[in-house]
Amino acid sequence: ATREEGARMLAESLDNGSAAQKFAQMLHAQGVDKVTVARLLNMDCNNNETVLPTAKYVTHLVSSECGYVECIHAGAVARLAGSLGAGRSNPEDSLDHSVGVLLRKSPGDMIKEGEIWGEVHHNTPYKPSQQILDALSVVPTRDTIIPRISKVVE
């Protein structure tokens, strides 16, 4: 399949609901009950309060540069989310389902200085570290950004 065919297939799976059904199967396989799965699939993506608890605080991550998002370093975001309680260090650790990081930008998106690229949802006081602020990589032009799909496997 070509990239164009892959893009068409992806769009079709989103439009016809098969992507959502696969997501539902994955959630259910991980122990999420069917009622919660249905609520997740039918919710407004910007309003998760009907399924998950809401954190006490939201701190914005703001760009210090203008240009195009080259990447957002996932490791830094994951470490931050884990430190807030969204992950486990040990199997017996409990999760705080109200905390996490919501990314508002993706690679290739234009971003202005002072624009929000992420939201940190937390229940304890938090001030963004230099490590998380450096997780956003901005370049002056789009042409240096590596595409998300590197090759098509047939």
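In the block above lies the structure referred to throughout.
Here's a quick rundown of the structure. Keep in mind it's a predicted model, so treat the numbers as computed, not measured.

**Overview of the overall build of the protein chain**
So, step 1. Helix and strand counts for the protein chain stand at 5 helices and 6 strands.
So, step 2. When its helices and strands are written in sequence order, the protein chain yields α-α-α-β-β-α-β-β-β-α-β.
So, step 3. Counting only C-alpha atoms, the protein chain reaches 45 × 40 × 30 Å along its principal axes.
So, step 4. Looking at the protein chain as a whole, 25% of its 154 residues qualify as buried.

**Here's the deal with the sheet that holds strand β2 (residues 67-72)**
So, step 1. Taken in spatial order, the 3 strands make up an open sheet running β4-β2-β6, and their pairing is antiparallel. Because the sheet does not close on itself, it has two edges, and the strands there are β4 (110-111) and β6 (136-139).
So, step 2. Here 4 bridges tie β2 to β6, and the two strands are oriented antiparallel to one another. Bridge pairing in β6 links C71 to S137.

**As for the pattern of salt bridges**
So, step 1. Evaluation of the coordinates by the stated rule reveals 3 salt bridges.
So, step 2. Between R104 and E119 there is a salt bridge whose closest N-O contact spans 3.1 Å. Of this pair, R104 sits in the loop between β3 (100-103) and β4 while E119 sits in strand β5 (residues 116-122), and the two are 15 residues apart along the sequence.
So, step 3. Among the residues examined, E119 registers a relative accessible area of 11% and is labelled buried.
So, step 4. Between K105 and E115 there is a salt bridge, with its nearest N and O atoms 2.9 Å apart. You can see K105 sitting in the loop between β3 and β4 and its partner E115 sitting in the loop between β4 and β5, a full 10 residues away along the chain.
So, step 5. Looking at K105, the relative accessible area reads 14%, which means it is buried.

What counts, and at which threshold
Residues numbered from 1 in each chain as written. Predicted model: local features only at pLDDT ≥ 70, side-chain atom pairs only at ≥ 80, totals over all residues. Heavy atoms only, no water. Helix = DSSP H or I, 4+ residues; strand = E, 2+ residues; numbered from the N terminus. Buried < 20%, exposed > 50% of the residue type's maximum accessible area, 1.4 Å probe, protein only. Pairing = 2+ DSSP bridges. Salt bridge = Lys/Arg side-chain N within 4 Å of Asp/Glu carboxyl O.

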